[in-house]
Amino acid sequence: MADKDLSELFVDTLKDIYYAEKQIYKSLPKMAKAANSDQLRAAFEKHHDETEGQIGRLEQVFELIGKPARGKKCDAIEGILDEGKEIMDEYADTPALDAGLLAAAQAVEHYEISRYGTLKTWAAKLGHQDAVKLLDETLAEEKKTDDALSKLALSAVNAEAA
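Residues numbered from 1 in each chain as written. Predicted model: local features only at pLDDT ≥ 70, side-chain atom pairs only at ≥ 80, totals over all residues. Heavy atoms only, no water.

### Focus on the overall build of the protein chain
Thinking step 1. A tally of regular secondary structure across the protein chain gives five helices and zero strands.
Thinking step 2. Written out in order from the N terminus, the α and β elements of the protein chain read α-α-α-α-α.
Thinking step 3. Scaling as 2.2 N^0.38, a compact globule of 162 residues should have a C-alpha radius of gyration of about 15 Å, and the protein chain matches this with 17 Å.
Thinking step 4. Each principal axis of the C-alpha atoms in the protein chain carries an extent, and together these give about 55 × 25 × 20 Å.
Thinking step 5. For the protein chain, the residues scored as buried account for 43% of the 162 residues in total.
Thinking step 6. Placing the 21 positive and 32 negative side-chain charges of the protein chain at their respective mean positions leaves the two points 5 Å apart. (Helix = DSSP H or I, 4+ residues; strand = E, 2+ residues; numbered from the N terminus. Rg over C-alpha atoms; globule rule 2.2 N^0.38 Å. Buried < 20%, exposed > 50% of the residue type's maximum accessible area, 1.4 Å probe, protein only. Lys, Arg positive; Asp, Glu negative; His and termini not counted. Charge placed at Lys NZ, Arg CZ, Asp CG, Glu CD.)

### With respect to the nonpolar core
Thinking step 1. Residues Phe10, Leu14, Leu40, Phe44, Ile77, Leu101 and Leu135 are the most contacted members of the largest nonpolar core, which totals 47 residues.
Thinking step 2. For this core, the secondary-structure elements that each account for two or more residues are helix H1 (6–34), helix H2 (38–64), helix H3 (75–90), helix H4 (97–125) and helix H5 (129–161).
Thinking step 3. Per-element accounting of this core gives the leading share, 12 residues, to H4.
Thinking step 4. Leaving out residues up to four positions away in the same chain, phenylalanine 44 has contacts with Leu28, Met31, Ala32, Ala35, Leu101 and Ala105. (Core = buried A, V, L, I, M, F, W, Y, C linked by side-chain atoms within 4.5 Å. Contact = heavy atoms within 4.5 Å.)

### Here's the deal with the packing of H1 against H3
Thinking step 1. Running from N to C, H1 and H3 point in directions that differ by 10°, and their axes come no closer than 10 Å. By the criterion of interaxial angle, the relationship of H1 to H3 is roughly parallel. The segment H1 lies against H3, with Tyr19, Ala20, Gln23, Ile24, Ser27, Lys30, Met31 and Ala34 engaging Ile77, Glu78, Leu81 and Met88. (Axes fitted to C-alpha atoms, helices over the stretch in contact; angles between N-to-C directions. Parallel < 35°, antiparallel > 145°, perpendicular 65-115°, else oblique.)

### Regarding H4
Thinking step 1. Between the first and last C-alpha of H4 there are 42 Å, a value that for 29 residues agrees with the 42 Å anticipated at 1.5 Å per step.
Thinking step 2. After H4 finishes, the residue glycine 127 shows a positive phi value of roughly 80°. (Expected span 1.5 Å × (residues − 1).)

So this is what it looks like as structure tokens:
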């Protein structure tokens, strides 16, 4: 155990977010289909396209550090996505569904923001400057998505749920 270092932790966390992004990619179409709001559906569809690019950037990071792009099961994202499924089941056909879906999506975004911020910092510490740029690009996208979801919640979705 004593020989584990930041480099190994970086790779493990990269595998974690790679797995998470692939699961998110699978979940977004289901969330879009369940959404009542056209704006929320469009936000999910847009993020689905972005997620595909984010997976590609992660694959580039793996390549830069000489490791195979391989995921490692992430219990955290599994739990967050399970909560989203629960909301879809328990609040189907109710005015609160979209507010619940949006909240679940923001939980995903906050998880991703945390992971990408950490990975970017570690990549810089480890001297992986090209990886820093790729991770920063994704971090900026995740923050922008979170901001867009917050605005949508405040401008429409929460009021419709109430």
